[in-house]
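Architecture at a glance
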Amino acid sequence: AKAAGRGIYRFFEPEMSARVQARRRMELGLRSAIANEQFAVHYQPIVNAKTGAVVAFEALIRWYHPERGLVPPAEFIPLAEEAGLIPEIGLWILKRACRDATAWPTGIRVAINLSPLQFQYRNLVGDVEGALRQSGLCATRLDLEITESLLLQNSEVTLSILHDLKALGISISMDDFGTGYSSLSYLRRFPFDKIKIDRSFISDIGETSESLAIVKAIIRLGEALKMNIVAEGVETIEQKSLLCRVGCQELQGYLFSRPQPADSIEAVLQRISFD
Ligand code: C2E
Ligand code: CA
Ligand code: CA
Ligand code: CA
């Protein structure tokens, strides 16, 4: 709706000011959310498609707003980006998720989402090194997930940061693959270890042969480029068996588990190992 353009709102002054005020209130709330301990990180397992074993957990931030309750990240991350709060929030997640992961079995990795702005505002490589050092987590257990929107911006700087992160032993995943404009050229240019196929392709692989054909092609591409393929948003047994049949290596979705708080990880591991 915000893309509708400014001019449109000229005729709706009262509505606009109500909206702007609501945003300001949210922004003020966000500014104090870390100090007030309103953020939490939840974790969703990623499983090996063949063995069913948990190979990683993806860290997903949650905001418990005192009046509004749980605010989804799709709502507040863009606001945090606009308000310049991403460096601080991003660093908080990084530290928290690395620390939480040290309690897990050492074969299990942690995947953390990075906002493109984290590549601009701060010494990202230094922050990541610091989070690893403080937590004692081994760099080889960390996956960083980035989206194409990052690659649209200043690619020389981005590329050098990605190489520095890889030099530490960290893996880089391309998130939401297939939803952007020029994914294929990015695969050639950037050093990805993993490709995460966007949920939109997975959700109808059972219904349309086109989606299944695309997923198969991405898996072949991953084999050729030596990149692991993760399917996200797996919700049904039918999707799971189709993905296993076409050779997808890793699966993630509500079928296995919804994102869970850190203190439920042990229970999630127990349950999945007996499935
Ligand atoms: P994402 O990185 O693509 O994360 C996957 C989203 O899909 C998560 O939503 C997850 O809960 C949801 N999901 C997982 N499995 C299923 C499924 O089987 N069905 C359906 N319908 N949904 C599923 P969530 O947690 O609401 O996060 C939304 C987005 O917010 C994330 O998309 C990511 O772009 C962003 N985000 C979340 N946490 C962080 C963070 O710590 N930092 C940054 N920069 N962005 C974050
Ligand atoms: Ca992600
Ligand atoms: Ca994703
Ligand atoms: Ca997504």
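Rules and cut-offs
- Residues numbered from 1 in each chain as written.
- Chains lettered and ligands numbered in written order.
- Predicted model: local features only at pLDDT ≥ 70, side-chain atom pairs only at ≥ 80, totals over all residues.
- Heavy atoms only, no water.
- Helix = DSSP H or I, 4+ residues; strand = E, 2+ residues; numbered from the N terminus.
- Rg over C-alpha atoms; globule rule 2.2 N^0.38 Å.
- Buried < 20%, exposed > 50% of the residue type's maximum accessible area, 1.4 Å probe, protein only.
- Contact = heavy atoms within 4.5 Å.
- Areas by Shrake-Rupley, 256 points an atom, 1.4 Å probe, with all protein chains shown as cover.
- Lys, Arg positive; Asp, Glu negative; His and termini not counted.
- Charge placed at Lys NZ, Arg CZ, Asp CG, Glu CD.
- Expected span 1.5 Å × (residues − 1).
- Arc of directions from axis to C-beta.
- Pairing = 2+ DSSP bridges.
- Near = heavy atom within 4 Å.
- Polar contact = N/O pair within 3.5 Å; in protein donor to acceptor, adjacent residues only side chain to side chain.
- Nonpolar A, V, L, I, M, F, W, Y, C, P; charged D, E, K, R; others polar.
- Donors = N, O, S within 2.8 Å, 3.2 Å for Na, K, Ca; no water.
- Salt bridge = Lys/Arg side-chain N within 4 Å of Asp/Glu carboxyl O.

Under an unreviewed UniProt entry, the name given to the protein chain is Diguanylate cyclase, and the organism recorded is Methylobacterium iners.

If you tally the helices and strands in the protein chain, you get 11 helices and 10 strands. Taken over the C-alpha trace, the protein chain has a radius of gyration of 20 Å; the compact-globule value for 275 residues is 19 Å, and the two agree within 12%. A burial count over the protein chain gives 48% of its 275 residues as buried. By sequence separation, contacts in the protein chain at least 24 residues apart represent 64% of the contacts at least 6 residues apart. Summed over its atoms, the accessible surface of the protein chain is roughly 14200 Å², and 53% of this surface lies on carbon and sulfur atoms. Put simply, the protein chain has 31 plus and 33 minus side-chain charges, and the middle of one group is 2 Å from the middle of the other.

The first and last C-alpha atoms of helix α6 (residues 155-167) sit 18 Å apart over 13 residues, in line with the 18 Å expected at 1.5 Å per residue. Within α6 the residues assigned to the buried category are Thr-158, Leu-159, Ile-161, Leu-162 and Leu-165. With its buried residues spanning 165° around the axis, α6 presents them on a single face. Exposed side of α6, more than 90 degrees from the buried face: Glu-156 and Ala-167 are the residues found there. Count one or two residues on from α6 and you reach Gly-169, which has phi positive near 105°.

Let us look at the pairing of strand β6 (residues 171-177). In terms of residue burial, β6 counts as a mostly covered element, since six of its seven residues are buried. With three bridges joining them, β6 and strand β7 (residues 194-197) adopt parallel strand pairing. Within β7, the position partnered with Phe-177 by the bridge is Ile-197.

Time to look at helix α9 (residues 209-225). Taking 1.5 Å as the rise per residue, α9 with 17 residues should run 24 Å; its terminal C-alpha atoms sit 24 Å apart, in good agreement. Ser-211, Leu-212, Val-215, Ile-218, Ile-219 and Gly-222 are the residues of α9 that are buried. The buried residues of α9 all sit within an arc of 120° when viewed along its axis, so they share a single face. When the buried face of α9 is taken as reference, the exposed residues oriented beyond 90 degrees from it are Ser-209, Glu-210 and Ala-224.

Before going further, it helps to examine the site of ligand 1. Neighbouring ligand 1 are 21 residues, the closest being Gln-44, Arg-62, Arg-199, Glu-235 and Tyr-254. At 3.3 Å, a side-chain N or O of Glu-58 approaches an oxygen atom of ligand 1. Between ligand 1 and the protein, one listed contact pairs an oxygen atom with a side-chain N or O atom of Arg-199 at 3.1 Å. Bound to the protein, ligand 1 loses 82% of the 800 Å² it would expose on its own. If you list the elements that add at least two residues to the shell around ligand 1, you get β2 (54-65), α2 (73-82) and β6. Considered class by class, the residues forming the shell around ligand 1 number nine nonpolar, five polar and seven charged.

Our focus in this paragraph is the coordination of the calcium ion (ligand 3). Coordination of the calcium ion (ligand 3) by the protein comes from Asp-175 (OD), Asp-176 (OD), Glu-232 (OE) and Glu-232 (OE), over a distance range of 2.2 to 2.7 Å. Of note, the calcium ion (ligand 3) draws all its donor residues from one chain, in the sequence arrangement D-D-x55-E. Between the calcium ion (ligand 3) and the calcium ion (ligand 2), both coordinated by Asp-175, there is a metal-metal distance of 3.8 Å. Of this pair, Asp-176 sits in strand β6 while Glu-232 sits in the loop between β8 (228-231) and α10 (237-245), placing them 56 residues apart in sequence. Classification of Asp-176 as partly exposed rests on a relative accessible area of 26%. Judged by its relative accessible area of 12%, Glu-232 is buried.

Let us now look at the pattern of salt bridges. Within this structure, the stated rule accounts for 11 salt bridges. The salt bridge involving Arg-68 is made with Glu-75; its shortest N-O contact spans 2.7 Å. Judged by relative accessible area, Arg-68 falls into the partly exposed class, the value being 46%. Taking relative accessible area as the criterion, Glu-75 reaches 37% and is therefore assigned partly exposed. The network of salt bridges with shared partners includes Arg-109, Asp-143, Lys-194 and Glu-250.

Turning our attention to the side chain of Arg-141. Here Arg-141 lies in the loop between α4 (124-135) and β5 (142-146). Buried and unpaired, Arg-141 has no salt bridge, with Asp-143 as the nearest side chain of opposite charge at 9.7 Å. A distance of 2.9 Å separates a polar side-chain atom of Arg-141 from the backbone oxygen of Ala-101. Among residues more than four places away in sequence, those in contact with Arg-141 are Ala-101, Thr-102, Trp-104, Pro-105, Thr-106, Ile-108, Arg-109 and Val-110.

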